[in-house]
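Close look at the chain arrangement
Read off the chains here:
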Amino acid sequence: MADKSHDKHWQRSIKMSFEKEPERRQIQKVKKQLKHNRQPKPTRRKDWQPADLADPDELDFEQIERVMPRGERERRRTIKVMALTEAAEAEPNGTGSPLPPETGQRGVVIKVSSGLCRVALGGRTLMCGLRGSLSAEETGFTNVVAVGDNVLVFEDGVGWGIVEAVLPRRSALARPDVFRSHLQQVIVANADQLLIVAAWRNPPLWPELLDRYLIAAARNKLKPLICVNKIDLAEDVAACEAALQPYQALGYPVLLTSALTGYGIEALRDSLQGRVTALAGLSGVGKSSLLAAAQPGLQLRTGAVSESSGEGRHTTTQVAMLPFGERGFVVDTPGIREFGLSSLAKNELIHFYPDLAAFAPACRFADCTHRHEPNCAVKAAVVAGSVSTTRYDSYQKIYETL
Ligand SMILES: Nc1nc2c(ncn2[C@@H]2O[C@H](COP(=O)(O)OP(=O)(O)OP(=O)(O)O)[C@@H](O)[C@H]2O)c(=O)[nH]1
Ligand SMILES: [Mg+2]
Ligand SMILES: [Zn+2]
């Protein structure tokens, strides 16, 4: 991919993307179709637009993007996306031959690095740049594309592409941006489930972190799966089972695994099949090892990706999406732990602890925080052994950090 003619190809792909006649025609067609079911137009804020633009619909989007009222950009992009999707469907790329540059294709972003991303299109992948007008500013996120995003891509026919549009996300796993902590950075888009990986030992099981991930999954509408790895290091598997009993009682699927011995790997493979799974867990718990054990050969593909980008280390440093089984994808994330809990209010925390919340109605004070208040039914339940002490401890610790 990193051949010498890169620059030339790149310039060419940018130039081609400006040759927009066919695209414009397709967009006009969709606009006409949309006119049938159009809502009455709200009064237009003329003062937001240059005075000489009677109908901004007739112009290129980019020309007036800066002065468009809120929502207008979104509407235009939707029309454009519809137009391009239609074009892509009308000319399915069954032969795998290069498409004419004006035809948008739907793909999935599998890797992102400094302004470029790798997009999976059917059975192959394409290195793409981002259309300059794509902006994250109105989304509340600091990145325009994330691994897992469905995108529309223009191909130049010589191995490069441009991401023209990012399609709406059905889920987004995000964390506070490193530099602008009031904003969120999307780590993984469109995942179905979150595989929370912990190790029994090395590093030791950390219930508070497990609970943080469970909260993140719930807030991001992902189905959580708990996986406790390195079970081969446990003297007594019964102790692991006892530690995880509160989670099983809450209905969370719990897997005990060993990437080393293969214990539980079959069950893990079954749970990953046909779904988009994001992995979360501390560095060193064995996320990459588990994936390699569940799908031998997956590591090979990871290796191939790292090679072309000049990385060659064992520890996962970048988010990457890998095909898993027939229709599944797994997203191996570097050891990150801060996603999900920003902007969570203290009094909301209890709702993520249904086992504790069940006793809260019997507390003396309606606004009981279940920490220092007298006659707290939750504390009483912990003392009586009706609720796991570990869960209560982690509730208190997380409460302090909010
Ligand atoms: N004993 C034992 N060791 C394991 C097991 N799984 C992984 N390891 C070891 O744990 C270390 C870390 O494994 P990785 O798979 O790189 O961990 P990771 O979660 O991907 O780490 P990051 O990429 O840094 O987030 C390696 O030395 C593995 O060989 C296991 O089930 N049992
Ligand atoms: Mg790893
Ligand atoms: Zn209480």
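The model shown is predicted, which means the values in this text are computed figures rather than measured ones.

Moving on to the coordination of the zinc ion (ligand 3). Coordination of the zinc ion (ligand 3) by the protein involves C363 (SG), C368 (SG), H370 (ND1) and C376 (SG), with metal-donor separations of 2.1 to 2.4 Å. If you look at the zinc ion (ligand 3), its four donor atoms make angles of 103 to 116° with each other, and the shape they trace is tetrahedral.

Along the chain, the position of D156 falls in the loop between β4 (150–155) and β5 (160–166). One polar contact links the side chain of D156 to the main-chain amide nitrogen of V158, over a distance of 2.8 Å.

Across the five residues that make up strand β11 (residues 276–280), a large majority, five, are buried. Side-chain alternation along β11 places V276, A278 and A280 on one buried face and T277 and L279 on a second face that is also buried. Bridge analysis of β11 against strand β13 (residues 328–332) gives three bridges, and the strand direction is parallel. Directly across from T277, in β13, lies its bridge partner V330.

In total, this model carries 10 salt bridges according to the counting rule given. Note that R391 and D355 form a salt bridge whose closest N and O atoms lie 2.8 Å from each other. Residue R391 is located in helix α12 (residues 389–401), and its partner D355 is located in helix α10 (residues 354–357); the two are separated by 36 residues in the primary sequence. Residue R371 is joined to E400 by a salt bridge in which the shortest nitrogen-to-oxygen separation is 3.1 Å. Of the two residues, R371 is situated in the loop between α10 and α11 (377–383) and E400 in helix α12; the sequence distance between them amounts to 29 residues. Connected via shared salt-bridge partners are D211, D355 and R391.

Here is what the cut-offs are and how they apply
Residues numbered from 1 in each chain as written. Chains lettered and ligands numbered in written order. Predicted model: local features only at pLDDT ≥ 70, side-chain atom pairs only at ≥ 80, totals over all residues. Heavy atoms only, no water. Donors = N, O, S within 2.8 Å, 3.2 Å for Na, K, Ca; no water. Tetrahedral: all angles 85-135°; square planar, octahedral: opposite > 155°, others 65-115°. Helix = DSSP H or I, 4+ residues; strand = E, 2+ residues; numbered from the N terminus. Polar contact = N/O pair within 3.5 Å; in protein donor to acceptor, adjacent residues only side chain to side chain. Buried < 20%, exposed > 50% of the residue type's maximum accessible area, 1.4 Å probe, protein only. Pairing = 2+ DSSP bridges. Salt bridge = Lys/Arg side-chain N within 4 Å of Asp/Glu carboxyl O.

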